[in-house]
Amino acid sequence: MNAMDRISSDGYRLPLIAAASLLLFGLAGVTFYGWLAFGSSILLTLGENGLSWCL
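Below is a short write-up of the structure. Keep in mind that what you see is a predicted model, and the values were worked out from it rather than measured. (Residues numbered from 1 in each chain as written. Predicted model: local features only at pLDDT ≥ 70, side-chain atom pairs only at ≥ 80, totals over all residues. Heavy atoms only, no water.)

## Observations regarding a nonpolar patch on the surface
Formally: Candidate patch residues must exceed 30% relative accessible area and have no salt bridge, after which like charges are joined if within 9 Å and Val, Leu, Ile, Met, Phe, Trp or Tyr side chains if within 5 Å. Working definition of accessibility: Shrake-Rupley area with a 1.4 Å probe, residue cover restricted to the visible protein chains. Criterion for a salt bridge: a side-chain nitrogen of Lys or Arg within 4 Å of a carboxyl oxygen of Asp or Glu. Think of it in three bands: with a 1.4 Å probe and only protein chains considered, a residue is buried below 20% of the maximum accessible area for its type, exposed above 50%, and partly exposed in between.
On the surface, a nonpolar cluster with roughly 630 Å² of combined accessible area is contributed by Phe-32, Trp-35, Leu-36, Phe-38, Ile-42 and Leu-43. Overall, Leu-36 belongs to the exposed group, its relative accessible area being 59%.

## Structural notes on helix H2 (residues 13-48)
The cut-off we apply is this: Starting at the N terminus, helices and strands are each numbered in turn, a helix being any DSSP run of H or I of at least four residues and a strand any DSSP run of E of at least two. What a helix is expected to span follows from its residue count: subtract one and scale by 1.5 Å. What the bend at a residue measures is the angle between two axes, fitted to the seven residues ending there and to the seven starting there.
Along its 36 residues, H2 runs 48 Å from first to last C-alpha, staying within 8% of the 52 Å computed at 1.5 Å per residue. A maximum bend of about 65 degrees is found in H2 at Phe-38. Phi turns positive one or two residues past the end of H2, at Gly-50, with a value near 75 degrees.

Quick look at the structure:
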């Protein structure tokens, strides 16, 4: 098995890693947006319940 056979057989790895990275960055973006939009409500609710230090 030469080097070209090995390179061509692993051609699926880069698109898979790219798709997984895009999915993780998208999830992080949605989470960050949710924190910006609802973070103050979350902290106020936890503070009212006495659970703000358990976060």
